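Here are the chains, one letter per residue:
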Amino acid sequence: MRMSMKERLRRYILFLTGLFFLAGGVVLTLKSALGTTPLATIPYAVHRVSGLSFGLCTFFMSPLFLTCQILLMRREFKKEQWLQLPIGFLLGVFQNIWLFLLQGHLEPSGYLPR
């Protein structure tokens, strides 16, 4: 059963909107200073040490994670899974957008506001 072009476009828009808000949630978690999500731990540490943007570090981790996945899955790795690379890039861009939007506006000082 083929999907209509309108339905496909609707799904892409919904996916990108979800990815945008996912990135916002990761950034809000960082800004709260209460920890970080497991997926963002390594990019955040690299960001803190290197001074590169958090989104860029997230994007750089995508190929590393994909390589590990290929090594673990071997023949079960499907060609569609290469789409993780552009999605990782978009996630990094969206994270940088959220960091820009929230810069200086969200610095909670107490435990309850966090």
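The structure this text deals with has already been given above.
Let me begin by describing the structure that accompanies this report. (Residues numbered from 1 in each chain as written. Predicted model: local features only at pLDDT ≥ 70, side-chain atom pairs only at ≥ 80, totals over all residues. Heavy atoms only, no water.)

### Observations concerning helix 3 (residues 54-73)
Part 1: For helix 3, which comprises 20 residues, the first-to-last C-alpha distance of 28 Å matches the rise-based estimate of 28 Å (1.5 Å per residue) to within 8%.
Part 2: Within the span of helix 3, buried status applies to F54, G55, C57, T58, M61, S62, L66 and Q69.
Part 3: Buried residues in helix 3 make contact with helix 1 (5-31), helix 2 (41-50) and helix 4 (84-102).
Part 4: R74 occupies a position one or two residues after helix 3 and carries a positive phi of about 50°. (Helix = DSSP H or I, 4+ residues; strand = E, 2+ residues; numbered from the N terminus. Expected span 1.5 Å × (residues − 1). Buried < 20%, exposed > 50% of the residue type's maximum accessible area, 1.4 Å probe, protein only. Contact = heavy atoms within 4.5 Å.)

### Some words on unusual backbone geometry
Part 1: Residue R74 is not a glycine yet carries a positive backbone phi of 50°.
Part 2: Looking at the secondary structure, you find R74 in the loop between helix 3 and helix 4.
Part 3: You can call R74 exposed: its relative accessible area is 65%.

### Notes on the packing of aromatic side chains
Part 1: Using the criterion set out here, one finds eight aromatic pairs in the structure.
Part 2: For the ring pair F20 and W98, a centre distance of 5.0 Å and an interplane angle of 35° mean the geometry is tilted. Taken as a pair, F20 in helix 1 and W98 in helix 4 lie far apart in primary sequence, 78 residues in all.
Part 3: For W98, a relative accessible area of 16% translates into the label buried.
Part 4: Taking the centre distance of 5.4 Å and the plane angle of 80° together, the rings of F59 and F89 count as edge-to-face. With F59 in helix 3 and F89 in helix 4, this residue pair connects regions lying 30 residues apart in the sequence.
Part 5: For F89, a relative accessible area of 43% puts it in the partly exposed group.
Part 6: Ring-pair connections join several aromatic residues into one group, and the members of that group are F20, F21, F94 and W98. (Phe/Tyr/Trp six-rings, centres within 6.5 Å; stacked < 30°, edge-to-face > 60°.)

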